[in-house]
Amino acid sequence: MLTNPSQLILRNSDEFAGLNLLIINYESDTLAQQCLESAKQVTALALDFHHHLALAPLANDNLRCYFGHKLPDTLDGEKFDAVIVYFPKAKPLAEYLFTLAATHLSDDGLLLVVGENKGGIKSVSKLLPDFFSPATKLDNARHSLLYRAFLTRSAPTLVMQDWISEYTLTTPQGDITICNFVGVFSEKKLDLGTELLLSHLPKLSGRVLDFGCGAGVITVALLKQYPDLNIECIDINAMALASCQLTLNANNMQAKVYPSDGFNQISDKFDGIISNPPFHDGLDSTFAIANAFVSQSAARLNPKGVWQIVANRHLPYADNIAKAFGSVIVPAENNKYKLYFQKL
């Protein structure tokens, strides 16, 4: 089943008929494969690892699938006749994606930008860099919009540092340097949930997992307090993983940073799992993911392993924690967050 924006692209497939096509930030469907009915060749870049996993099994000689904040270095100089960009949920990310698209477009190459009406797509004209022609609306259907523009001059070289906000964050463990890549949620002060978590850290040793690592705030704070930890940082978002690695580098620290869809790409067990899990919106689908995280966490801990997360206090974690671990321990809370702790 194609998402609404993907259906809008497919009904305008004559735009890229016979062309070498790049798709950036695609959604969780098989649009890229179906584009091969019109396009000469398709290359797809996912920023969401779950989306990449859905498409990757369909890869073939004419469909290349990648995950990351940019294409692999081996494709740095490769040019495409047309690029489709799915408008991102985080508006600040849009200009980065447009610049990335431009670096891979041939002269006068075609840019198509698609997104849902409620997702900010109407602001594309204001966000499109001046090395593109003005965006014109190509189609409007299925609560989505499709815009078209053309590359009018060469784009500047994409320098990662230009898209990073670097700042000092004060934590209970001391000041740390954060490198926040565009599109990654991060405030220039410690959020109340993470502060509660870091203010009541359990004793940790051995192999520890930072689940949903984001820009690396928790990992760096952990390593500041426990320098000998063997930490693994996972996230589903390519921009977050890049941010986390940059943050580690800036603080002269080391950890293993890699994508994982839940626990699916993780091997073996941990002596500790620490997280400010990215499940906050209250949707039933999100609760299902959150509950899977809790139940799978219990199976991923070594004997005497510790598990600690912070969550919005209104979210119904307690029942599932009791089911997975046999009890519910709340070592600290405030008017917005609760800290949940378990030790096997």
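Residues numbered from 1 in each chain as written. Predicted model: local features only at pLDDT ≥ 70, side-chain atom pairs only at ≥ 80, totals over all residues. Heavy atoms only, no water.

Bringing the sheet that holds strand β6 (residues 136-141) into the picture now. The sheet built from seven strands is open, its strands ordered β3-β2-β1-β4-β5-β7-β6 with mixed pairing. Only two strands of the sheet have a single neighbouring strand rather than two, namely β3 (63-67) and β6. Looking at each pair of strands side by side, their axes are set apart by 15° on average, direction ignored. Of the strand pairs in this sheet, strand β2 (residues 41-46) and β3 are connected by five bridges, and their pairing is parallel. If you follow Ala46 over to β3, its bridge partner there is Phe67. Contacts between helix α4 (residues 91-103) and the sheet are confined to β1 (20-24), β2, β4 (80-86) and β5 (105-116), with β5 contributing the most and set at about 150° to the helix. (Pairing = 2+ DSSP bridges. Helix = DSSP H or I, 4+ residues; strand = E, 2+ residues; numbered from the N terminus. Axes fitted to C-alpha atoms, helices over the stretch in contact; angles between N-to-C directions. Contact = heavy atoms within 4.5 Å.)

Attention now moves to unusual backbone geometry. A positive phi angle, near 50°, is found at Arg142, a position not held by glycine. With phi around 60°, His143 is a residue other than glycine that occupies positive phi space. Among the secondary structure elements, His143 is positioned in the loop between β6 and β7 (144-150).

With that out of the way, let us pick up the pattern of salt bridges. Using the criterion set out here, one finds seven salt bridges in the structure. For Glu15, the salt bridge goes to Arg148, with nearest N and O atoms at 2.9 Å. With Glu15 in the loop between α1 (4-10) and β1 and Arg148 in strand β7, the pair connects residues that are 133 residues apart, well separated along the chain. Residue Glu15 is classed as partly exposed on the basis of its relative accessible area of 21%. The class of Arg148 is partly exposed, set by a relative accessible area of 26%. Where Glu232 meets Arg207, a salt bridge forms, and the shortest distance between an N and an O atom there is 2.8 Å. Residue Glu232 is located in strand β11 (residues 230-235), and its partner Arg207 is located in strand β10 (residues 207-211); the two are separated by 25 residues in the primary sequence. Residue classification places Glu232 among the buried residues on the basis of a relative accessible area of 6%. (Salt bridge = Lys/Arg side-chain N within 4 Å of Asp/Glu carboxyl O. Buried < 20%, exposed > 50% of the residue type's maximum accessible area, 1.4 Å probe, protein only.)

In this section: the sheet that holds strand β12 (residues 256-259). Pairing within the open sheet is mixed, and its seven strands lie in the order β12-β11-β10-β13-β14-β16-β15. Strands at the two margins of the open sheet, each flanked by one partner only, are β12 and β15 (329-333). Each strand axis lies, on average, 20° off the axis of its neighbour in the sheet, ignoring direction. Examined bridge by bridge, β11 and β12 share four bridges and lie parallel to one another. Each bridged residue has a counterpart across the sheet, and for Ile234 the counterpart in β12 is Tyr258.

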